[in-house]
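# Survey of secondary and tertiary structure
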Amino acid sequence: MISIFKSNKEESKGNNIVLDKENIPKHIAIIMDGNGRWAKERNLPRTFGHKAGVETIRKILKECDKIGVRYLTLYAFSTENWKRPKDEVSALMKLLVEYLRKELEELNKNNVVVRSIGDISKLPKICQDELMASYKKTKNNTGVVLNLALNYGGRDEIIYGIKKAYEKIQKGEISIDDIDDTTFGNFLYTEGIPDPDLIIRPSGEQRLSNFLLWQCAYSEFWYSTINWPDFKEEDLHKAIYDYQHRNRRFGGIK
Ligand code: FPP
């Protein structure tokens, strides 16, 4: 068991959360929603919300590492987010570059592996360069995998997987019978990453928005009305606590 207390005072008030350390979700995926609304509530431009959202990334990544989560996937930019105003798209790309530049040393020191999913070839060259440098620097690390979903869409990924599998079949490297619901995962961006155990969406929306469509078959979902910039370590604990009290049956009977 891991006890998570904010302070001794809280413990005595009975606000403690005790997590079962034998049942920590191996992979948590988060739809970082509500940045715009967070900014609007404060009469700030939307990009301030995204900036504040990056602070939450720092906190939550650290906490995942502390608790023992092995993979953290963050939905940072979807294939549909290109529809946003140009300024917002540029600000998001800039934030990504800044984050990687500022944090890479620290991420590496903390043994974090940086990965991404999605078609990054469509991102500005500077983003691609920073991502490449981050993969290279952290590829031999053994700690938590920070998996950034960038220009990512679940449907796009499935089509990408089908094309990759078809190519291999055409070249005679595999036969059509080699494709099943386990092997198909090897053709997706998430190759080598286990399916998410827990998908978290803050901000009150209760939809998947084209996130990890193939991989979420048996994920547990957890929603909260808190906007991502306000999402705290305690919220992560609550989500994990709830997860630990679900009855995961994977279609079977327990
Ligand atoms: C959704 O909130 C959030 C996004 C589309 C972008 C998330 C990106 C970051 C937190 C920062 C950039 C990423 C990295 C890895 C440095 P929204 O804008 O849809 O919020 P709203 O629904 O309240 O308008």
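Cut-offs applied
- Residues numbered from 1 in each chain as written.
- Predicted model: local features only at pLDDT ≥ 70, side-chain atom pairs only at ≥ 80, totals over all residues.
- Heavy atoms only, no water.
- UniProt positions renumbered as here; feature names shortened; annotations may be inferred.
- pLDDT = per-residue confidence, 0-100.
- Helix = DSSP H or I, 4+ residues; strand = E, 2+ residues; numbered from the N terminus.
- Axes fitted to C-alpha atoms, helices over the stretch in contact; angles between N-to-C directions.
- Parallel < 35°, antiparallel > 145°, perpendicular 65-115°, else oblique.
- Left-handed = near helix turned anticlockwise from the far one by under 90°.
- Contact = heavy atoms within 4.5 Å.
- Nonpolar A, V, L, I, M, F, W, Y, C, P; charged D, E, K, R; others polar.
- Near = heavy atom within 4 Å.
- Polar contact = N/O pair within 3.5 Å; in protein donor to acceptor, adjacent residues only side chain to side chain.

Under the annotation held in an unreviewed UniProt entry, the chain carries the name Isoprenyl transferase and is attributed to Clostridium fallax. Per UniProt, the chain has the following entry under Sequence similarities (unreviewed entry): "Belongs to the UPP synthase family." The Subunit (unreviewed entry) field of the UniProt record for the chain holds the comment "Homodimer."

Per-residue confidence for the chain gives a mean pLDDT of 95; residues scoring 70 or more make up 95%. Ranking the elements of the chain by mean pLDDT puts helix α1 (residues 8-13) last, at 49, and strand β3 (residues 27-31) first, at 99.

At their nearest, the axes of helix α3 (residues 46-67) and helix α7 (residues 233-244) sit 9 Å apart, and the two run at 45° to each other. With respect to α7, the axis of α3 lies oblique. Pair α3 / α7 crosses with right-handed handedness. Residues K59, I60, E63, C64 and I67 of α3 form the contact with α7, whose participating residues are E233, L236, H237 and I240. Split into classes, the residues belonging to the contact of α3 with α7 amount to 5 nonpolar, 1 polar and 3 charged.

We now examine the site of the ligand. By nearness alone, 18 residues border the ligand, and M32, G36, R37, R46 and R84 come closest of all. The contact in question runs from an oxygen atom of the ligand to an N or O atom on the side chain of R46, over 2.8 Å. Between the ligand and R84 there is a distance of 2.8 Å, counted from an oxygen atom to a side-chain nitrogen or oxygen. Elements that contribute at least two residues to the shell around the ligand include exactly α2 (35-41), α3 and α4 (86-109). Among the residues making up the shell around the ligand, the classes are represented as 9 nonpolar, 5 polar and 4 charged.

This part covers the environment of I174. Locating I174 in the fold gives a position in the loop between α6 (154-170) and β7 (198-201). Considered as a pair, I174 and F211 are 37 residues apart in the sequence and their alpha carbons are 28 Å apart. Setting aside chain neighbours within four positions, we find I174 in contact with A165, K168, I169, I179 and F187.

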